[in-house]
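Residue-level structure breakdown
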Amino acid sequence: MSQQGYVATPPYSQAQPGMGGYPAGFGSSPAQPLYGHYGGQPQSFPAPPTGKATFLWSLIPPVKSFVYVLTVVHTPPTYPAGPGPMQNPQAPPTSPPAQQPFQTAPPPTMGQSTLGPPPAGPHSPQMAPPQSPLAGPSMGGHPSMGGHPPMGGMGRPFPGPPPPGSGGFQQPGPGAAGQPGYPQQPQGTESTVTCGSVMITAKLYGFVGPVSWSQMKPIPGIKHVTEDDQAKRGGQVYTTNLRGQVPPLVTTDFTVQDQGNASPRFMRCTTYSFPCTADLAKQCQVPLGAIIKPFATVPKNETPLYVVNHGETGPIRCNRCKAYMCPYMQFIDGGRRYQCGFCNCVNEVPTFYFQHLDHMGRRVDLYERPELSLGSYEFEATLDYCKNNKPASPPAYIFMIDVSYANIKSGLVRLVCEELKTLLDNLPREDGAESSTVKVGFVTYNKILHFYNVKSALAQPQMMVVSDTAEMFVPLLDGFLVNFQESRAVINNLLDQIPDMFADTNESETVFAPVIQAGVEALKTAECSGKLFIFHSSIPTAEAPGKLKNRDDKKLINTEKEKTLFQPQKGVYEQLSKDCVSQGCSVDLFLFPSQYVDLATMGDVPTHTGGSIFKYSNFQVYTNSNHFLSDLRKDVEKAIGFDAIMRVRTSTGFRATNFFGAIHMNNTTDVEMAAVDCDKAVTVEFKHDDKLSEETGALMQCALLYTTVSGQRRLRIHNLSLNCSAQLSELYKSCETDALINFFAKSAYRAMLNQPLKTVREILVNQTAHMLACYRKNCSSPSAASQLILPDAMKVFPVYLNSLMKTGPLVGSAELSTDDRAHQRLIATAMGVEDTQLLLYPRLIPLHNMDVASDVVPAPVRCSEERLTDAGMFLLENGRSLFLWLGQACPPELVQRVFNVPSFTHLPADLSSLPVLDNPQSKKLRSIIDSLLDQRPSAMKLLIVKQKDRSEMLFRQHLVEDKGPHGGASYMDFLCYVHCEIRQVLT
């Protein structure tokens, strides 16, 4: 069997069936314990040994799976030394509990690598029982301490009372000697802490004190996984000629050479080997999905997409399934016919497209035609692909500025107007074009709307006012949308006048829905698509359609009704989304709130129109202008397509059933996007409807019809071929953790609109437990039930999942702003794989020992407080936030060179920016920050944090391997908890 992805496959057994409606990945709350995404019943597995668990970490010969060895130890209850009442559980027992010898499993046949230091003695320091990661904040989940109640239907993960300590590891009272706060222990002894009926022991040798990452190095970490992949595949050329080939990680620097399958920059899958049957898929519970980023940026050292023009005939398509010509079509009958690789239909080759076949059955012009030899390419579309069979018009950008009192007083209006004078020179344009064809228009508003005529023939701009916001219309046709180059003088004049025109305003009420409606009407009148840039500051309270009221109720946190805080208000905004998508009108919202604005509702239209939401709380020109202007510049200049429709076609046996993203859907197959830019991704879920063949594999084709910035209608095609296997081991070996967590995040963020957060968190853990239990049962060698075994390709998945469960949207904490939680949920909806990977595992970069002579950014360390040092300086970034953390013992010479003050104690309390200094350390730091900002889709404001300052809490909530400040377990505790859940599945 040929492994080349672009070689046509043998015939399929049946045609592609029609698409149907399928439930989302997270449906209604299950009536019984739900293990897995597909809702299948738990498998019946051999029961683990009974008894109370003592966890012992040990060593197994290194191979291909990761194994945590946790030996079950029978622990009898503690009794008093003599007759009388039972001893106080907190008092030391008179004799140590009996314990079985330490056990290790034989080396698995598939290969398993060990996690934990080698055995050196029978004893270890103490470690407290892991708190349930579903239970929210620590303190045992006690309501008075802000914790969550136990999980519904599941109880506490461990029986007995909640742990008395506030952290994942308990700290007993001071002992007679030894390290302060800990009882005296000889080296190599074993110390245990009993919580209820569960006793957990970490096997660490010669160490007295709480368990730390520095002693648990063998536990899989994202840092080591990314570094290993960079070492193995970094700097290499990744060719896409093999079917089912697993690409390098998103963190790896590599070059793509398209040879028949789409670049991983455009398409990544949760696994590159699909199970052959639906039963296997249901058994393993690994979601089958693809994350598609159709407009992903192509690096300069890679070939841009070729554009194919078949003239008036248009693109060649299969007559049955309508798939476009691609490398998976098999030419037969001397080249006169071709067999569709997706539905097996045999089609006639048009006369103009005929070409002879060589001795291997391939067309002799195979490598001359991009659509036959490449995985990604574009077709020029004909009038049949245009609305009303009319050529498309270039899009328009409309800038809509809130001129209420708050925005005038803060200086925002003047800042925006000044920036637009220069920014409009950088409107997006086609490659090679001298200037942009995008038209521009301007609207200001508070309770009423002001439209401006900026026609080039005018000496002064003209204002027209619409005060009836209930029946919105555009008061002028000619002169509202103009070419910036032609009307530059009039537009600049207008931008100079706007701040002064409203300088004395006292109007604080605003409208919002009529503003969007006005933009839609303007584009409809001009018969073009486009984007609205709305600069808004407050909740719309003026009497008009879409008026909102404050519905932020902290009493709903951790209740069944908490989900209502994130549900957008229906009615006006729901209809607005449909109108925008129908017209190809995308909405980008720049919010500058000082209080609650119901972002769940205000952000609904941008989210469904392929737009973006930017939020700058308590905006001040002096401190926030650079952050805002950087976002605005990137947003205006980025590559983008308009009025887009996407269809994902698959080969026989499976189909796309669910879609996540900044999209709108009127049916089950067509993904509609008013606009799609280089940062937006759509996550697609697939389900079986028949058996798949190992020989032919699984094929998918993403076809995106859109309008370019020059007004040309095009089709962008991405093709990908995957393997199919009847062996689950192949599926697990081909998994991509970064894509999996993207799927899980989007599924969870959608589910939280309809289910309590507690239920969503339970489903996340249950599905993870089921995936790993299935791997253990079917893919690993027989071993003790006390062992936690992880697939090599998924060994860091628990890190990501634990981090996801500690994100703002999924943590029920009254300390977090409802708008901030809604904002993070909405922006994650359209994220690509690389964005969610960085969001859920930030980069923590040490700077105190950086090599100023090197151009290389220092290697990140594990994202844990343990990596911080009092004498250190660290940079943390997650694509949305950027922190510079300074230890209180930071060397004075480093502080002097970076901040121009003598020492740490001389740093000002309100330090908000780095001074510009001419020395190697300062220049190196600035170059690192600039390189990070260039790589990210949105700008990040640098927040300088000093150790033990109040602002340090914001920084520490991004240390995802530690216990979350607003709730959630540490990585170590979560691993133990997941292991217990897996054992429940296996029981």
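Residues numbered from 1 in each chain as written. Predicted model: local features only at pLDDT ≥ 70, side-chain atom pairs only at ≥ 80, totals over all residues. Heavy atoms only, no water.

The line we're drawing: UniProt positions are given in the numbering used here, feature names are shortened, and annotations may be inferred rather than shown by experiment.
As named in an unreviewed UniProt entry, the chain is SEC24 homolog D, COPII coat complex component, taken from Oncorhynchus mykiss. In its Sequence similarities (unreviewed entry) section, UniProt records this for the chain: "Belongs to the SEC23/SEC24 family. SEC24 subfamily."

1. Observations regarding the packing of aromatic side chains
Condition: Pairing of aromatic rings covers Phe, Tyr and Trp, the last through its six-membered ring, and needs centres within 6.5 Å; plane angles under 30 degrees mean stacked, over 60 mean edge-to-face, and all others mean tilted. Lysine and arginine charges are scored as sitting over a ring when NZ or CZ, respectively, is within 6 Å of the ring centre and within 35 degrees of the ring normal.
Applying the stated criterion across every chain, the model contains 31 aromatic pairs. Through successive ring pairs, a cluster of aromatic residues spans Phe-535, Phe-590, Phe-592, Phe-614, Tyr-616, Phe-619 and Phe-628. Note that Arg-363 overlies the ring of Phe-331, its terminal NZ or CZ placed 4.8 Å from the centroid.

2. Here we look at the pairing of strand β32 (residues 882-886)
For the record, the criterion: Each residue's exposure class comes from its accessible area (1.4 Å probe, protein chains only) as a fraction of the maximum for that residue type: buried when under 20%, exposed when over 50%, partly exposed otherwise. Secondary structure is summarised from DSSP: a helix means a run of H or I of at least four residues, a strand means a run of E of at least two, and numbering begins at the N terminus for each. Here, a strand pair is defined by DSSP locating no fewer than two bridges between the strands.
With five of five residues buried, β32 lies mostly within the body of the structure. Side-chain alternation along β32 places Leu-882, Leu-884 and Leu-886 on one buried face and Phe-883 and Trp-885 on a second face that is also buried. As paired elements, strand β31 (residues 873-877) and β32 share five bridges and run antiparallel to each other. By the bridge assignment, Met-873 is partnered in β32 with Leu-886. Hairpin connection from β31 to β32: four residues lie between these consecutive antiparallel strands, with Gly-879 at a positive phi of about 90°. Relative to strand β33 (residues 942-946), β32 is paired through five bridges, and the arrangement is parallel. Within β33, the residue paired with Leu-886 across the bridge is Lys-946.

3. Here's the deal with the side chain of Asp-631
This is how it is decided: The charge count treats Lys and Arg as positive and Asp and Glu as negative. His and the chain ends do not count. A pair is scored as a salt bridge if a Lys or Arg side-chain nitrogen falls within 4 Å of a carboxyl oxygen belonging to Asp or Glu. Polar contacts here mean pairs of N or O atoms no more than 3.5 Å apart (in protein, one a potential hydrogen donor and the other a potential acceptor; neighbouring residues in sequence count only if both atoms are side-chain atoms). Residues are treated as being in contact if the distance between any of their heavy atoms lies within 4.5 Å.
Assignment of secondary structure puts Asp-631 in helix α11 (residues 621-637). The buried charged residue Asp-631 lacks any salt bridge partner; its closest oppositely charged side chain belongs to Lys-634, at an N-O distance of 6.4 Å. From its side chain, Asp-631 meets the backbone nitrogen of Ala-939 in a polar contact 2.6 Å long. Setting aside its immediate chain neighbours within four residues, Asp-631 contacts Phe-614, Tyr-616, Ser-938 and Ala-939.

4. Topic: helix α15 (residues 797-805)
Along α15, nine of the nine residues are buried, which leaves the element largely enclosed by surrounding structure. For α15, the set of buried residues is Phe-797, Pro-798, Val-799, Tyr-800, Leu-801, Asn-802, Ser-803, Leu-804 and Met-805.

5. Focus on the sheet that holds β33
Convention followed: Lines fitted to C-alpha atoms define the axes, with helix axes restricted to the stretch in contact, and inter-axis angles between N-to-C directions lie between 0 and 180 degrees.
Pairing is mixed across the open sheet formed by four strands, whose spatial order is β30-β31-β32-β33. Strands with a single pairing partner mark the edges of an open sheet, and in this sheet they are β30 (843-846) and β33. Looking at each pair of strands side by side, their axes are set apart by 20° on average, direction ignored.

6. Comments concerning the environment of Glu-834
Looking at where Glu-834 falls in the secondary structure, it is placed in helix α17 (residues 833-840). In this structure, the C-alpha to C-alpha distance between Glu-834 and Asn-742, residues 92 residues apart in sequence, is 9.0 Å. Not counting residues up to four positions away in its chain, the partners in contact with Glu-834 are Val-250 and Lys-293.

7. Quick look at the sheet that holds strand β11 (residues 330-332)
With antiparallel pairing, three strands are arranged side by side in an open sheet as β11-β12-β13. Edge positions in the sheet fall to β11 and β13 (346-348), since each of these pairs with one other strand and no more. For this sheet, the mean angle separating the axes of adjacent strands, direction not counted, is 35°. For strand β12 (residues 337-339) and β13, the ladder comprises three bridges, and the chain directions are antiparallel. Looking across to β13, one finds that Tyr-338 is bridged to Asn-347.

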